[in-house]
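Coordinates in review
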Amino acid sequence: MNDIRFRIWVFVFLFIFPATLTAQPHCARKLTKEAQLWLGLLAEAAKDGRPYYSQFDQFPPRKQNTLSSTYVQKTGVNILVYGLDFYYASGTWFRQEYKKKCRQNLIAIVKQAWNKYKAIPCFSWHLENPYVTSDFKNYMGCRYRYGVEGYPAKHRYVINEILKGKGDSCGFGSYGNKNNTIGYKNPAQWFDARCREVAEIIRELTTEEGRPIPIILRLWHECEDSWQWWGKNSVSAEDYVKFFRLTVNKIEKYTQTHNILYAYSPNCNWKDKTDFMLRYPGDNFVELIGFDDYTIGADSIAFQLTIKRAKVETQVAKEHGKVAALFETANSKEATSDRFFRDFLQPVIQSADVRLGLVQLWSTDKLNTPAEIADRTQFLKSGIVTVINK
């Protein structure tokens with residue numbers, strides 16, 4: 001789909017014939033016309049078996065404030081959904097000047113992408129642990145959790161502390177720096193400030209006419225893993241659901257923009273439908289459901305398991321009136337890096353009983369050799385996924 005055709009199509013369906021889209025997925029909250037449109041477009045893509053293609057860091061806000069993209073330069077293809085993260089533009093882990101720059105860049109990119117293409121961002125939020133210490137060497141402060149050497153065992157269940165308003169003072173840790181001089185009374189106070197901070201960013205994501213730009217917000221992903229402080233070793237399934245709902249309620253309260261489509265996204269370490277839905281926050285808090293899967297391309301067994309998972313989530317999405325998605329994937333084996341799209345991702349998308357509305361690539365280092373570029377370019381231009389051809 002080229003740029004001009006898409007912009008005309010958006011105008012027609014948004015302002016003239018909105019009822020001609022596929023029946024809208026269930027959403028209990030009020031949505032702007034633009035957000036309703038995009039929810040309908042994602043549902044339509046799932047129905048047609050031609051998902052929107054997204055790439056994390058298509059436009060990297062940590063480095064730039066423009067729509068310049070090495071992916072476009074190498075493939076000649078631009079996209080209508082692109083991946084971003086609130087992590088580096090919020091929180092207490094990074095220096096204020098770094099956060100400010102990332103925030104300004106992020107806002108500029110979202111505005112430009114909408115004004116030029118009517119494209120929308122798919123946000124993740126790798127929020128740091130409120131108790132992370134300044135001597136923690138990992139850039140990803142969310143990895144500071146129970147099990148890490150030196151982590152205070154009494155704060156294993158940070159999310160329970162947030163829910164109950166308990167815990168100790170926090171928010172002092174600063175990446176590569178001395179401690180922050182001002183902290184917070186407890187994790188609940190700290191988390192409320194983080195939600196307000198993200199809400200402020202979202203309120204600035206507006207069109208030239210001042211209307212809120214639609215966004216996807218994928219909250220607390222890969223929740224059945226344990227690498228992060230909202231993982232299964234740090235929070236019960238019951239508390240995870242409460243935390244997800246608390247986050248949605250706070251963001252909605254502090255934004256009042258009605259432009260957010262929320263997403264639920266475990267990793268691929270679940271066995272069946274019951275396991276997949278164990279931490280599901282409920283139909284009133286989610287518009288998209290999906291999973292992350294980096295095992296695609298590892299071997300034939302992993303490949304078949306991915307297809308099985310995609311079929312399960314497709315069925316779940318149908319039952320709950322949601323849009324199914326594959327939120328994170330990338331080639332995990334060097335031997336198949338030059339045919340990942342042709343031999344693995346494409347067959348997953350086109351498998352019988354698989355209907356995805358969105359597929360997002362995460363890894364940013366798999367587009368180096370001529371063979372890798374050709375594999376991705378052919379996939380993007382083949383009509384298998386929905387993109388903008390340059």
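Residues numbered from 1 in each chain as written. Predicted model: local features only at pLDDT ≥ 70, side-chain atom pairs only at ≥ 80, totals over all residues. Heavy atoms only, no water.

1. A short note on unusual backbone geometry
- Not every positive phi belongs to a glycine, and Lys118 is a case in point at roughly 60 degrees.
- The residue Lys118 is located in the loop between helix H4 (96-117) and strand S4 (120-124) in this model.
- We note that Trp220 has phi near 45 degrees; this positive angle belongs to a residue other than glycine.
- In this structure, Trp220 sits in the loop between strand S5 (215-219) and helix H7 (237-255).
- Judged by its relative accessible area of 0%, Trp220 is buried. (Helix = DSSP H or I, 4+ residues; strand = E, 2+ residues; numbered from the N terminus. Buried < 20%, exposed > 50% of the residue type's maximum accessible area, 1.4 Å probe, protein only.)

2. Re the environment of Arg50
- You can see Arg50 is positioned in the loop between helix H2 (33-48) and strand S1 (52-55).
- For the pair Arg50 and His26, spaced 24 residues apart in the sequence, the C-alpha separation amounts to 21 Å.
- Polar contacts involving the side chain of Arg50 include one to the main-chain carbonyl oxygen of Gly383, which spans 2.8 Å. (Polar contact = N/O pair within 3.5 Å; in protein donor to acceptor, adjacent residues only side chain to side chain.)

3. Let's talk about the confidence of the model for the protein
- Summarising the model, the protein shows a mean pLDDT of 92, and 93% of its residues fall at 70 or more.
- The model gives residues 15-20 a pLDDT under 50, and that stretch makes 4 contacts with residues more than four places away or in other chains. (pLDDT = per-residue confidence, 0-100. Contact = heavy atoms within 4.5 Å.)

4. Concerning the pairing of strand S9 (residues 358-361)
- Along S9, one buried face is formed by Leu358 and Gln360 and the opposite face, lined by Val359 and Leu361, is buried too.
- Pairing of S1 with S9, which is carried by 4 bridges, proceeds in the parallel orientation. Residue pairing across strands places Tyr52 opposite Leu358, the latter belonging to S9.
- Pairing of strand S8 (residues 323-329) with S9 involves 3 bridges; the strand directions are parallel. Bridging from a neighbouring strand, Ala325 pairs with Leu358 of S9.
- Regarding the hand of the β-α-β motif, the stretch spanning S8, helix H10 (residues 340-349) and S9 is right-handed. (Pairing = 2+ DSSP bridges. Right-handed = clockwise from strand over helix to strand, strands pointing away.)

5. Notes on the pattern of salt bridges
- Throughout the structure, instances matching the rule amount to 19 salt bridges.
- Close ionic contact of Glu200 with Arg103 constitutes a salt bridge, the shortest N to O distance being 3.7 Å. Placement of the pair is Glu200 in helix H6 (residues 187-203) and Arg103 in helix H4, with a sequence separation of 97 residues.
- With relative accessibility at 18%, the residue Arg103 sits in the buried group.
- The shortest N-O distance in the salt bridge between Arg339 and Asp343 comes to 3.1 Å.
- Judged by relative accessible area, Arg339 falls into the partly exposed class, the value being 28%.
- Given the relative accessible area of 26%, Asp343 is considered partly exposed.
- In this structure, a network of salt bridges that share partners links the residues Arg29, Glu252 and Glu287. (Salt bridge = Lys/Arg side-chain N within 4 Å of Asp/Glu carboxyl O.)

6. Concerning the packing of aromatic side chains
- Per the stated rule, a full pass over the model turns up 32 aromatic pairs.
- The cationic tip of Arg156 hangs over the ring face of Tyr146; the distance from NZ or CZ to the ring centre is 4.0 Å. (Phe/Tyr/Trp six-rings, centres within 6.5 Å; stacked < 30°, edge-to-face > 60°. Lys NZ or Arg CZ within 6 Å of the ring centre and 35° of its normal.)

7. Overview of the packing of H6 against H7
- As a packed pair, H6 and H7 sit with axes 9 Å apart at the nearest point and diverge in direction by 50 degrees. Compared by their axis directions, H6 and H7 come out oblique. As for how H6 packs across H7, the hand of that crossing is right-handed. Contact residues: Phe191, Asp192, Cys195, Arg196, Val198, Ala199, Ile202 and Arg203 in H6; Phe243, Leu246, Thr247, Lys250, Ile251, Tyr254 and Thr255 in H7.
- Of the residues belonging to the contact of H6 with H7, the class tally is 9 nonpolar, 2 polar and 4 charged. (Axes fitted to C-alpha atoms, helices over the stretch in contact; angles between N-to-C directions. Parallel < 35°, antiparallel > 145°, perpendicular 65-115°, else oblique. Left-handed = near helix turned anticlockwise from the far one by under 90°. Nonpolar A, V, L, I, M, F, W, Y, C, P; charged D, E, K, R; others polar.)

8. Here's the deal with the pairing of S5
- The element S5 is largely enclosed, with a buried count of 5 among its 5 residues.
- Burial along S5 is two-sided: Ile215, Leu217 and Leu219 and Ile216 and Arg218, pointing in opposite directions, are all buried.
- Alignment of S4 against S5, held across 2 bridges, turns out to be parallel. Note on S5: the bridge partner recorded for Phe123 is Leu217.
- Relative to strand S6 (residues 260-264), S5 is paired through 5 bridges, and the arrangement is parallel. Among the inter-strand pairings, Arg218 is bridged to a residue of S6, identified as Ala263.

9. A few points about the side chain of Gln228
- Take Gln228: it is sitting in the loop between S5 and H7.
- Assessed through its relative accessible area of 0%, Gln228 is described here as buried.
- A distance of 3.2 Å separates a polar atom in the side chain of Gln228 from the backbone oxygen of His221.
- A polar contact of 2.9 Å, which involves the side chain of Gln228, links it to the backbone oxygen of Glu222.

10. Some points on helix H11 (residues 370-381)
- With 12 residues, H11 extends 16 Å from end C-alpha to end C-alpha; this agrees with the ideal 16 Å at 1.5 Å per step.
- Looking at H11, one finds that the buried residues are Glu372, Ile373, Asp375, Arg376, Thr377, Phe379 and Leu380. (Expected span 1.5 Å × (residues − 1).)

11. A closer look at the sheet that holds S8
- Spatially, 8 strands are ordered S1-S9-S8-S7-S6-S5-S4-S3 in an open sheet, and the strand pairing comes out parallel. Edge positions in the sheet fall to S1 and strand S3 (81-85), since each has one partner strand and no second. Within the sheet, the average angular offset between the axes of one strand and its neighbour, ignoring direction, is 25 degrees.
- Sheet topology note: the S6/strand S7 (residues 288-292) ladder contains 2 bridges and is parallel. The residue bridging Ala263 from the neighbouring strand is Leu288, located in S7.

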